[in-house]
Amino acid sequence: MAVVARAKTCVLRPLLPVIQMWDLDARRWVRALRRTPLKVMFPSGEVVERKRPPKKQPHEMAPRASLQGQNPQPPPQMSSSQTPCAWDEAGLRYDKAYPGDKRLSNVMTIVKSRPFREKHGKILLEGHRLIADALKAGAVPRTFFFSRLEYIKELPVDKLKDVSLIKVKFEDIKAWSDVVAPQGIMGIFAKPDHVKMTYPELHHSVPLLLICDNLRDPGNLGTILRSAAGAGCSKVLLTKGCVDVWEPKVLRAGMGAHFQVPIINNLEWETVPNYLPPDTRVYVADNCGLYAQAQVANKAGGHTKGADRRFLKFHKNEEKDVDIGTDWLPELEVQNYDLDWTEAPAAVVIGGETQGVSLESLQLAESTGGKRLLIPVVPGVDSLNSAMAASILLFEGRRQLRVRLEGTGVSTERGLEALR
């Protein structure tokens, strides 16, 4: 038994150093993988040398060691006037925003809130095309934030002499932008005044006005303004209760229409007649074709107009409190939109889809001898979208004016100019 034990001991002893050497070699391989190789030899025999990364110098480590045990001081912030960058081609100067610069965030807080916009008189325009249209119409720029200098070079230089130009990171613009793919440039403008603005396309306008009544959807209002500019409306009036015409969503949907047609915002109904040309007739289209069809049927059947009140959206909650037989509703004749209604200067009232038109708009239409325009729809369809109804009526009005001028033998452009 002793002989067997000695044999086992002799066999195991040589194995221990081998195992230890294998463990040591494995550790060396791990350390070798962590190191950066100085030379790499490929199977083909090619040898590639790699440079050793530079070591930190002692003078770079000294300040860090000297600050240990002391309160670190924040780096001094350089003002925009201390770091100007000159643009030699046009003589303009712009500033680079430093880390922690809050000029962009402070301005965005103002222009993205309607109360702040009205208080400070500033609006936000985003994108090259919208900014270029605003400059062309005479809007007054205050500050431009851009991520690349090429975006500024594309704008007219004579309009940028007194403008504060600030170059920021694209990530900062993207953080404050409302669009999915920002264009890298934002402009802060003074709130435009329609009296001081110049509208290059206004000489193509026709004696047709648009009155927006209680429109609260930004997309609808922007689309309506775009249709009004396309149809050649001479003016657009917005009463109180409408969404702010300078809201970013309305500006994007308008596609530059804000600077192609005069827009007068936030009007009381008592002051609306002051902005209408003499002898203007006001026509109402509140997207409630069911009411208009019922009114036509009631007149044919000899019923009183009080029976029509249940079809009006803005009085549906008062049905239990008001006597149906009372004369509370202005009497307006209903006619189809494709019949002639532009023999005199015309103004079209478009109401919101939720509340419809207001009672004041019906009273104004009655006082000016206007009518109620009906766009027939198939049974089962309640009404059209407000923007769609406005587009149909405005372009129909322009068509009627062109047909009238062609019948007189006068050229269209000269006749439209005479009508204005």
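Above this text you will find the structure in question.
None of the values given here were measured: they were computed from a predicted structure. (Residues numbered from 1 in each chain as written. Predicted model: local features only at pLDDT ≥ 70, side-chain atom pairs only at ≥ 80, totals over all residues. Heavy atoms only, no water.)

A. Summary view of the nonpolar core. Formed by 59 residues in total, the largest nonpolar core has its most connected members in L125, F144, F189, C212, V236 and F259. Tallying contributions element by element places helix α12 (residues 386–408) first for this core, with 6 residues. Beyond its immediate chain neighbours, meaning those up to four positions away, F189 contacts G121, K122, I123, L125, I131, A134, L135, A139, V140, P141, R142 and F144. With 18 residues, the next largest nonpolar core counts L237, V284, A347 and V357 among its residues. (Core = buried A, V, L, I, M, F, W, Y, C linked by side-chain atoms within 4.5 Å. Buried < 20%, exposed > 50% of the residue type's maximum accessible area, 1.4 Å probe, protein only. Helix = DSSP H or I, 4+ residues; strand = E, 2+ residues; numbered from the N terminus. Contact = heavy atoms within 4.5 Å.)

B. Fine view of the environment of K371. Along the chain, the position of K371 falls in the loop between α11 (359–367) and β15 (372–374). Separated by 38 residues in the primary sequence, K371 and E333 place their C-alpha atoms 5.2 Å from one another. Leave out the neighbours within four places in its chain, and K371 touches V282, Y283, V284, E333 and Q335. A polar side-chain atom of K371 sits 3.1 Å from a polar atom in the side chain of Q335. (Polar contact = N/O pair within 3.5 Å; in protein donor to acceptor, adjacent residues only side chain to side chain.)

C. Representation of the packing of aromatic side chains. On inspection of all chains with the given rule, the structure shows 4 aromatic pairs. Summarising the aromatic geometry, the rings of Y94 and F146 are spaced 5.8 Å apart at their centres and angled 70° between planes, so their arrangement reads as edge-to-face. Of the two residues, Y94 is situated in strand β4 (residues 92–96) and F146 in strand β6 (residues 141–146); the sequence distance between them amounts to 52 residues. Its relative accessible area of 0% is what places F146 among the buried residues. For the pair F144 and F189, a centre-to-centre distance of 5.8 Å together with 55° between the ring planes defines the contact as tilted. On the criterion of sequence distance, the pair formed by F144 in strand β6 and F189 in strand β8 (residues 185–190) is long-range, its members being 45 residues apart. A relative accessible area of 0% places F144 in the buried class. The class for F189 is buried, based on a relative accessible area of 0%. (Phe/Tyr/Trp six-rings, centres within 6.5 Å; stacked < 30°, edge-to-face > 60°.)

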